[in-house]
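Next come the chains, spelled out residue by residue.
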Amino acid sequence: MNKDIATPARTKEIMQKYGFSFKKSLGQNFLIDPNILQNIVGHAGLTKEHGAIEIGPGIGALTEHLARASKKVVAFEIDQRLLPILDDTLSPYDNIHIRHSDVLKADVRQVMEEEFADIKDVMVVANLPYYVTTPIILKLLMEDLPIKGLVVMLQKEVADRIAAKPGTKNYGSLSIAIQYYTEASTVMIVPKTVFIPQPNVDSAVIKLIKRKKPPVEVTDEDFFFTVTRSSFAQRRKTILNNLTSQLPDGKAKKEDILKALEQAGIEPQRRGESLSIPEFANLANALYPYFS
Ligand code: SAM
(Lines give C-alpha, C1' and ligand atoms only; values in the text may rest on other atoms or scores of the structure.)
Protein backbone atom coordinates (compact mmCIF):
# COMPACT_ATOMS: atom_id res chain seq x y z
CA MET A 1 0.00 0.00 0.00
CA ASN A 2 1.23 3.51 -0.78
CA LYS A 3 2.35 5.89 1.94
CA ASP A 4 -0.63 7.98 3.16
CA ILE A 5 -0.83 11.59 2.00
CA ALA A 6 -2.67 12.58 5.15
CA THR A 7 0.10 12.52 7.71
CA PRO A 8 1.42 15.81 9.07
CA ALA A 9 4.95 15.10 7.77
CA ARG A 10 3.93 14.03 4.23
CA THR A 11 1.43 16.91 3.91
CA LYS A 12 4.09 19.46 4.88
CA GLU A 13 6.58 17.84 2.51
CA ILE A 14 4.10 18.08 -0.41
CA MET A 15 3.23 21.67 0.40
CA GLN A 16 6.90 22.65 0.55
CA LYS A 17 7.77 20.85 -2.65
CA TYR A 18 5.14 22.89 -4.53
CA GLY A 19 5.36 26.11 -2.49
CA PHE A 20 1.63 25.77 -1.87
CA SER A 21 -0.10 28.31 0.41
CA PHE A 22 -3.65 27.82 1.73
CA LYS A 23 -6.46 30.01 0.46
CA LYS A 24 -8.86 30.72 3.28
CA SER A 25 -11.38 32.06 0.76
CA LEU A 26 -11.62 28.54 -0.75
CA GLY A 27 -12.17 26.85 2.62
CA GLN A 28 -8.83 25.03 2.43
CA ASN A 29 -8.40 23.04 5.65
CA PHE A 30 -6.64 19.78 4.82
CA LEU A 31 -7.02 16.58 6.84
CA ILE A 32 -3.83 15.14 8.33
CA ASP A 33 -5.16 12.08 10.16
CA PRO A 34 -5.46 8.79 8.22
CA ASN A 35 -7.68 7.24 10.94
CA ILE A 36 -10.33 9.92 10.50
CA LEU A 37 -10.24 9.40 6.74
CA GLN A 38 -10.57 5.67 7.20
CA ASN A 39 -13.62 6.25 9.41
CA ILE A 40 -15.27 8.62 6.95
CA VAL A 41 -14.84 6.15 4.13
CA GLY A 42 -16.14 3.36 6.40
CA HIS A 43 -19.36 5.30 7.03
CA ALA A 44 -19.90 5.62 3.27
CA GLY A 45 -20.05 1.80 2.98
CA LEU A 46 -18.09 1.73 -0.27
CA THR A 47 -17.18 -1.46 -2.12
CA LYS A 48 -15.32 -2.12 -5.37
CA GLU A 49 -18.71 -1.92 -7.12
CA HIS A 50 -19.32 1.67 -5.96
CA GLY A 51 -18.49 5.01 -7.48
CA ALA A 52 -17.51 8.01 -5.37
CA ILE A 53 -17.85 11.73 -6.03
CA GLU A 54 -15.55 13.99 -4.04
CA ILE A 55 -15.85 17.75 -3.79
CA GLY A 56 -12.54 19.51 -3.16
CA PRO A 57 -9.79 16.86 -3.15
CA GLY A 58 -7.15 19.35 -1.94
CA ILE A 59 -3.84 17.44 -2.18
CA GLY A 60 -5.66 14.09 -2.34
CA ALA A 61 -5.82 13.03 1.32
CA LEU A 62 -9.37 11.63 1.17
CA THR A 63 -9.23 10.90 -2.56
CA GLU A 64 -6.69 8.11 -2.18
CA HIS A 65 -8.75 6.40 0.53
CA LEU A 66 -11.78 6.60 -1.76
CA ALA A 67 -9.74 5.15 -4.62
CA ARG A 68 -8.68 2.20 -2.47
CA ALA A 69 -12.26 1.50 -1.34
CA SER A 70 -14.28 2.06 -4.53
CA LYS A 71 -14.27 1.30 -8.24
CA LYS A 72 -13.89 4.89 -9.43
CA VAL A 73 -13.54 8.37 -7.93
CA VAL A 74 -14.51 11.60 -9.66
CA ALA A 75 -13.37 14.72 -7.82
CA PHE A 76 -14.28 18.37 -8.50
CA GLU A 77 -11.52 20.85 -7.58
CA ILE A 78 -11.87 24.59 -8.11
CA ASP A 79 -8.24 25.59 -7.38
CA GLN A 80 -6.04 25.22 -10.45
CA ARG A 81 -2.85 25.33 -8.31
CA LEU A 82 -3.79 21.92 -6.91
CA LEU A 83 -3.98 20.13 -10.26
CA PRO A 84 -0.23 19.43 -10.76
CA ILE A 85 0.02 18.43 -7.10
CA LEU A 86 -2.84 15.94 -7.45
CA ASP A 87 -1.24 14.57 -10.64
CA ASP A 88 1.80 13.77 -8.55
CA THR A 89 0.26 12.59 -5.25
CA LEU A 90 -2.40 10.42 -6.87
CA SER A 91 -0.16 8.95 -9.59
CA PRO A 92 -0.21 5.46 -7.96
CA TYR A 93 -3.98 5.20 -8.65
CA ASP A 94 -5.62 4.62 -12.02
CA ASN A 95 -9.25 4.93 -10.91
CA ILE A 96 -9.41 8.67 -10.15
CA HIS A 97 -10.58 11.43 -12.46
CA ILE A 98 -10.03 15.02 -11.29
CA ARG A 99 -12.28 17.65 -12.87
CA HIS A 100 -11.17 21.24 -12.63
CA SER A 101 -14.43 23.03 -11.88
CA ASP A 102 -16.58 24.82 -9.35
CA VAL A 103 -19.04 22.14 -8.25
CA LEU A 104 -21.75 24.76 -7.84
CA LYS A 105 -21.54 25.56 -11.55
CA ALA A 106 -20.96 22.01 -12.77
CA ASP A 107 -23.57 19.93 -14.57
CA VAL A 108 -23.16 17.04 -12.13
CA ARG A 109 -25.85 14.93 -13.79
CA GLN A 110 -24.03 15.12 -17.12
CA VAL A 111 -20.70 14.33 -15.40
CA MET A 112 -22.29 11.29 -13.76
CA GLU A 113 -23.62 10.04 -17.10
CA GLU A 114 -20.14 10.35 -18.61
CA GLU A 115 -18.15 8.97 -15.69
CA PHE A 116 -20.34 6.32 -14.10
CA ALA A 117 -22.04 4.68 -17.08
CA ASP A 118 -21.17 1.20 -15.76
CA ILE A 119 -21.63 1.95 -12.04
CA LYS A 120 -25.00 1.78 -10.31
CA ASP A 121 -24.33 3.01 -6.78
CA VAL A 122 -22.60 6.32 -6.27
CA MET A 123 -21.90 8.08 -2.97
CA VAL A 124 -20.73 11.65 -2.44
CA VAL A 125 -17.92 11.68 0.11
CA ALA A 126 -16.14 14.92 0.97
CA ASN A 127 -14.51 17.21 3.45
CA LEU A 128 -16.51 20.20 2.24
CA PRO A 129 -15.22 23.76 1.87
CA TYR A 130 -16.98 25.38 4.85
CA TYR A 131 -17.90 28.65 3.11
CA VAL A 132 -20.33 26.80 0.81
CA THR A 133 -21.46 23.64 2.64
CA THR A 134 -25.18 24.34 2.55
CA PRO A 135 -25.38 25.44 -1.12
CA ILE A 136 -23.40 22.34 -2.19
CA ILE A 137 -25.58 19.89 -0.22
CA LEU A 138 -28.82 21.54 -1.36
CA LYS A 139 -27.70 21.60 -5.00
CA LEU A 140 -26.85 17.88 -4.97
CA LEU A 141 -30.19 17.00 -3.35
CA MET A 142 -32.50 19.37 -5.21
CA GLU A 143 -31.16 18.30 -8.60
CA ASP A 144 -32.33 14.80 -7.73
CA LEU A 145 -29.10 13.20 -8.94
CA PRO A 146 -28.80 9.43 -9.14
CA ILE A 147 -26.69 9.22 -5.96
CA LYS A 148 -27.31 6.93 -2.97
CA GLY A 149 -26.34 9.57 -0.46
CA LEU A 150 -23.66 11.74 1.06
CA VAL A 151 -21.12 11.34 3.84
CA VAL A 152 -19.61 14.77 4.36
CA MET A 153 -17.55 16.72 6.85
CA LEU A 154 -18.84 20.18 7.70
CA GLN A 155 -19.10 22.67 10.58
CA LYS A 156 -20.61 20.96 13.64
CA GLU A 157 -23.05 23.84 14.00
CA VAL A 158 -24.45 23.18 10.50
CA ALA A 159 -24.53 19.41 11.14
CA ASP A 160 -26.58 20.09 14.29
CA ARG A 161 -29.07 22.14 12.31
CA ILE A 162 -29.33 19.55 9.53
CA ALA A 163 -30.06 16.61 11.84
CA ALA A 164 -32.23 18.53 14.37
CA LYS A 165 -35.61 17.21 15.48
CA PRO A 166 -38.78 19.33 16.03
CA GLY A 167 -38.96 21.17 19.35
CA THR A 168 -35.20 21.76 19.55
CA LYS A 169 -33.39 25.07 19.14
CA ASN A 170 -31.48 23.90 16.06
CA TYR A 171 -34.59 22.78 14.16
CA GLY A 172 -35.43 25.02 11.23
CA SER A 173 -36.03 25.22 7.50
CA LEU A 174 -32.60 23.66 6.75
CA SER A 175 -33.44 20.60 8.89
CA ILE A 176 -36.74 20.23 7.03
CA ALA A 177 -35.28 20.74 3.54
CA ILE A 178 -32.60 18.09 4.07
CA GLN A 179 -34.74 15.62 6.02
CA TYR A 180 -37.36 15.87 3.28
CA TYR A 181 -34.85 14.37 0.83
CA THR A 182 -32.76 12.19 3.14
CA GLU A 183 -32.45 10.31 6.41
CA ALA A 184 -29.91 12.44 8.22
CA SER A 185 -27.61 11.52 11.09
CA THR A 186 -24.38 12.80 12.60
CA VAL A 187 -21.84 9.96 12.59
CA MET A 188 -18.68 11.62 13.92
CA ILE A 189 -17.57 14.70 15.83
CA VAL A 190 -14.12 15.77 14.69
CA PRO A 191 -11.62 17.89 16.63
CA LYS A 192 -9.89 20.91 15.06
CA THR A 193 -6.48 19.31 15.58
CA VAL A 194 -6.79 16.93 12.62
CA PHE A 195 -6.63 19.75 10.05
CA ILE A 196 -4.00 22.13 8.76
CA PRO A 197 -4.61 24.95 9.10
CA GLN A 198 -7.01 24.36 12.00
CA PRO A 199 -10.50 25.78 11.33
CA ASN A 200 -12.05 28.19 13.86
CA VAL A 201 -15.00 25.90 14.51
CA ASP A 202 -15.62 22.29 15.50
CA SER A 203 -16.46 19.83 12.74
CA ALA A 204 -18.73 16.84 12.28
CA VAL A 205 -19.39 14.19 9.67
CA ILE A 206 -22.98 13.67 8.62
CA LYS A 207 -24.51 10.82 6.70
CA LEU A 208 -27.44 11.61 4.41
CA ILE A 209 -29.12 8.64 2.77
CA LYS A 210 -31.54 9.62 0.01
CA ARG A 211 -35.12 8.55 0.54
CA LYS A 212 -36.81 6.54 -2.21
CA LYS A 213 -39.70 8.96 -1.88
CA PRO A 214 -40.34 11.96 0.39
CA PRO A 215 -41.75 11.17 3.86
CA VAL A 216 -44.84 13.30 3.15
CA GLU A 217 -46.94 14.17 0.12
CA VAL A 218 -46.94 17.83 -0.83
CA THR A 219 -49.00 19.45 -3.56
CA ASP A 220 -46.16 21.74 -4.62
CA GLU A 221 -42.57 21.32 -3.36
CA ASP A 222 -41.50 24.93 -3.94
CA PHE A 223 -44.52 26.20 -2.03
CA PHE A 224 -43.88 23.71 0.81
CA PHE A 225 -40.34 25.11 1.17
CA THR A 226 -41.66 28.69 1.00
CA VAL A 227 -44.03 27.90 3.87
CA THR A 228 -41.30 26.29 5.99
CA ARG A 229 -38.87 29.19 5.41
CA SER A 230 -41.60 31.73 6.17
CA SER A 231 -42.54 29.94 9.39
CA PHE A 232 -39.02 30.40 10.79
CA ALA A 233 -38.47 33.99 9.56
CA GLN A 234 -38.57 35.23 13.17
CA ARG A 235 -38.23 32.33 15.56
CA ARG A 236 -39.97 34.08 18.45
CA LYS A 237 -43.07 34.94 16.41
CA THR A 238 -46.10 32.64 16.18
CA ILE A 239 -46.69 30.66 13.03
CA LEU A 240 -49.71 32.89 12.24
CA ASN A 241 -47.68 36.09 12.46
CA ASN A 242 -44.74 34.74 10.49
CA LEU A 243 -46.97 33.41 7.71
CA THR A 244 -49.01 36.61 7.58
CA SER A 245 -45.93 38.80 7.22
CA GLN A 246 -43.84 36.50 5.03
CA LEU A 247 -46.08 34.81 2.47
CA PRO A 248 -46.48 36.66 -0.86
CA ASP A 249 -48.36 39.92 -0.40
CA GLY A 250 -51.87 40.52 -1.55
CA LYS A 251 -52.70 36.91 -2.32
CA ALA A 252 -54.31 35.66 0.87
CA LYS A 253 -55.70 37.45 3.88
CA LYS A 254 -55.03 36.66 7.52
CA GLU A 255 -58.47 34.96 7.67
CA ASP A 256 -57.43 32.59 4.89
CA ILE A 257 -54.26 31.67 6.76
CA LEU A 258 -56.34 31.09 9.91
CA LYS A 259 -58.71 28.84 7.95
CA ALA A 260 -55.80 26.84 6.53
CA LEU A 261 -54.22 26.47 10.00
CA GLU A 262 -57.53 25.20 11.36
CA GLN A 263 -57.92 22.79 8.46
CA ALA A 264 -54.41 21.43 9.15
CA GLY A 265 -55.21 21.12 12.88
CA ILE A 266 -52.51 23.59 13.92
CA GLU A 267 -53.00 26.16 16.69
CA PRO A 268 -52.20 29.63 15.28
CA GLN A 269 -50.23 30.52 18.44
CA ARG A 270 -47.69 27.73 17.96
CA ARG A 271 -44.17 28.50 16.79
CA GLY A 272 -42.59 27.01 13.68
CA GLU A 273 -40.04 25.05 15.68
CA SER A 274 -42.81 22.92 17.25
CA LEU A 275 -44.21 21.65 13.92
CA SER A 276 -43.17 18.26 12.56
CA ILE A 277 -42.52 17.72 8.85
CA PRO A 278 -45.96 16.02 8.34
CA GLU A 279 -47.62 19.03 10.04
CA PHE A 280 -45.78 21.42 7.70
CA ALA A 281 -46.91 19.30 4.74
CA ASN A 282 -50.56 19.44 5.87
CA LEU A 283 -50.27 23.18 6.41
CA ALA A 284 -48.64 23.85 3.02
CA ASN A 285 -51.28 21.72 1.28
CA ALA A 286 -54.09 23.59 3.08
CA LEU A 287 -52.58 27.00 2.24
CA TYR A 288 -51.76 26.18 -1.37
CA PRO A 289 -55.25 26.85 -2.87
CA TYR A 290 -55.14 30.41 -1.47
CA PHE A 291 -51.82 31.14 -3.17
CA SER A 292 -52.07 29.34 -6.49
N1 SAM B 1 -10.30 16.87 0.66
C2 SAM B 1 -9.17 17.61 1.17
C3 SAM B 1 -8.87 17.15 2.58
O4 SAM B 1 -9.79 16.61 3.22
O5 SAM B 1 -7.75 17.36 3.05
C6 SAM B 1 -9.42 19.13 1.13
C7 SAM B 1 -10.68 19.62 1.79
S8 SAM B 1 -10.76 21.38 1.93
C9 SAM B 1 -11.80 21.51 3.36
C10 SAM B 1 -11.90 21.91 0.66
C11 SAM B 1 -11.43 21.76 -0.78
O12 SAM B 1 -12.49 22.21 -1.64
C13 SAM B 1 -10.22 22.59 -1.19
O14 SAM B 1 -9.35 21.79 -1.93
C15 SAM B 1 -10.79 23.72 -2.06
O16 SAM B 1 -9.88 24.22 -3.01
C17 SAM B 1 -11.98 23.01 -2.70
N18 SAM B 1 -13.10 23.88 -3.13
C19 SAM B 1 -13.52 25.05 -2.56
N20 SAM B 1 -14.60 25.52 -3.19
C21 SAM B 1 -14.91 24.63 -4.18
C22 SAM B 1 -15.93 24.58 -5.18
N23 SAM B 1 -16.88 25.53 -5.26
N24 SAM B 1 -15.92 23.53 -6.06
C25 SAM B 1 -14.97 22.58 -5.98
N26 SAM B 1 -13.98 22.57 -5.04
C27 SAM B 1 -13.95 23.58 -4.15
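For the chain, an unreviewed UniProt entry supplies the name Ribosomal RNA small subunit methyltransferase A and the organism Jeotgalibacillus terrae. Reading the Subcellular location (unreviewed entry) entry of the UniProt record for the chain gives the comment "Cytoplasm". You can read under Catalytic activity (unreviewed entry) in the UniProt record for the chain the words "adenosine(1518)/adenosine(1519) in 16S rRNA + 4 S-adenosyl-L-methionine = N(6)-dimethyladenosine(1518)/N(6)-dimethyladenosine(1519) in 16S rRNA + 4 S-adenosyl-L-homocysteine + 4 H(+)".

**Q** Help me understand helix α10 (residues 239-246), please; the structure alone is not making it clear to me.
**A** Think of an α-helix as 3.6 residues a turn; residues three or four steps apart then line up on the same face. Within α10 the residues assigned to the buried category are Ile 239, Asn 242 and Leu 243. Buried residues of α10, viewed axially, fall in a sector of 95°; they line one side. Next to the buried residues of α10 lie α9 (221-231) and α11 (254-263).

**Q** Is there a simple way to explain the environment of Thr 7 in this structure?
**A** Note on placement: Thr 7 falls in the segment before α1 (8-18). With 14 C-beta atoms counted inside 10 Å, the residue Thr 7 sits in the partly exposed group. A sequence separation of 109 residues divides Thr 7 from Phe 116, and the C-alpha atoms of the two residues are 31 Å apart. For Thr 7, the residues in contact, after removing those within four places along its chain, are Ile 32 and Pro 34.

**Q** So what exactly am I meant to see when it comes to the sheet that holds strand β7 (residues 182-190) here?
**A** By way of backbone hydrogen bonds, the strands of a sheet pair with one another, either parallel or antiparallel. On the basis of which strands lie adjacent, the open sheet formed by seven strands has the order β4-β3-β2-β5-β6-β9-β7 and mixed pairing. Edge positions in the open sheet fall to β4 (96-100) and β7, since each of these has one partner strand only. Ignoring which end each strand starts from, the neighbouring axes of this sheet average 20° apart. As paired elements, β7 and strand β9 (residues 203-210) share eight bridges and run antiparallel to each other. Its bridge partner lying in β9, Thr 182 is registered against Lys 210. Its contacts with the sheet place helix α6 (residues 133-142) against β2 (51-55), β5 (122-127), β6 (149-155) and β7, and it is angled at close to 170° to β6.

**Q** Hey, could you run me through the nonpolar core in this one?
**A** Inside soluble globular proteins, nonpolar side chains tend to come together where they are buried. Counting 79 residues, the largest nonpolar core has Leu 31, Ile 40, Met 123, Val 124, Val 125, Val 152 and Ile 206 as the members making the most contacts within it. Residue contributions to this core peak at six residues, all from helix α12 (residues 277-291). Once residues within four sequence positions are removed from consideration, Ile 206 is found in contact with Val 152, Leu 154, Ala 159, Ile 162, Ala 163, Ala 184, Ser 185, Thr 186 and Val 187.

**Q** What is the right way to look at the site of the ligand in this model?
**A** Taken together, 23 residues sit near the ligand, with Phe 30, Gly 56, Gly 58, Asn 127 and Pro 129 positioned nearest. Where the shell around the ligand is concerned, the elements lending two or more residues are β1 (30-31), α3 (61-69) and β3 (72-77). Grouping the amino acids of the shell around the ligand by side-chain chemistry returns 14 nonpolar, six polar and three charged.

**Q** Would you mind going over the pairing of β6 with me for this structure?
**A** The buried count for β6 comes to six of seven residues, which makes it a mostly enclosed element. Bridging between β5 and β6 involves five bridges; their strand directions are parallel. Within the sheet, the bridge partner assigned to Ala 126 lies in β6 and is Val 152. In the classification by handedness, the crossover that spans β5, the intervening α6 and the parallel β6 is right-handed.

**Q** What should I look at first to understand the UniProt feature "binding site: S-adenosyl-L-methionine" (unreviewed entry) in the chain in this one?
**A** Mapped onto the present numbering, the UniProt feature "binding site: S-adenosyl-L-methionine" (unreviewed entry) falls at Asn 29, Leu 31, Gly 56, Glu 77, Asp 102 and Asn 127. Assignment of secondary structure puts Asp 102 in the loop between β4 and α5 (108-115). Looking at the secondary structure, you find Asn 127 in strand β5. Asn 127 sits in the buried class, given 26 other C-beta atoms within 10 Å.

The rules behind each value
- Residues numbered from 1 in each chain as written.
- Predicted model: local features only at pLDDT ≥ 70, side-chain atom pairs only at ≥ 80, totals over all residues.
- UniProt positions renumbered as here; feature names shortened; annotations may be inferred.
- Buried ≥ 20, exposed ≤ 12 C-beta atoms within 10 Å, placed from the backbone.
- Helix = DSSP H or I, 4+ residues; strand = E, 2+ residues; numbered from the N terminus.
- Arc of directions from axis to C-beta.
- Contact = placed C-beta atoms within 7 Å.
- Pairing = 2+ DSSP bridges.
- Axes fitted to C-alpha atoms, helices over the stretch in contact; angles between N-to-C directions.
- Core = buried A, V, L, I, M, F, W, Y, C linked by C-beta atoms within 7 Å.
- Near = placed C-beta within 6 Å.
- Nonpolar A, V, L, I, M, F, W, Y, C, P; charged D, E, K, R; others polar.
- Right-handed = clockwise from strand over helix to strand, strands pointing away.

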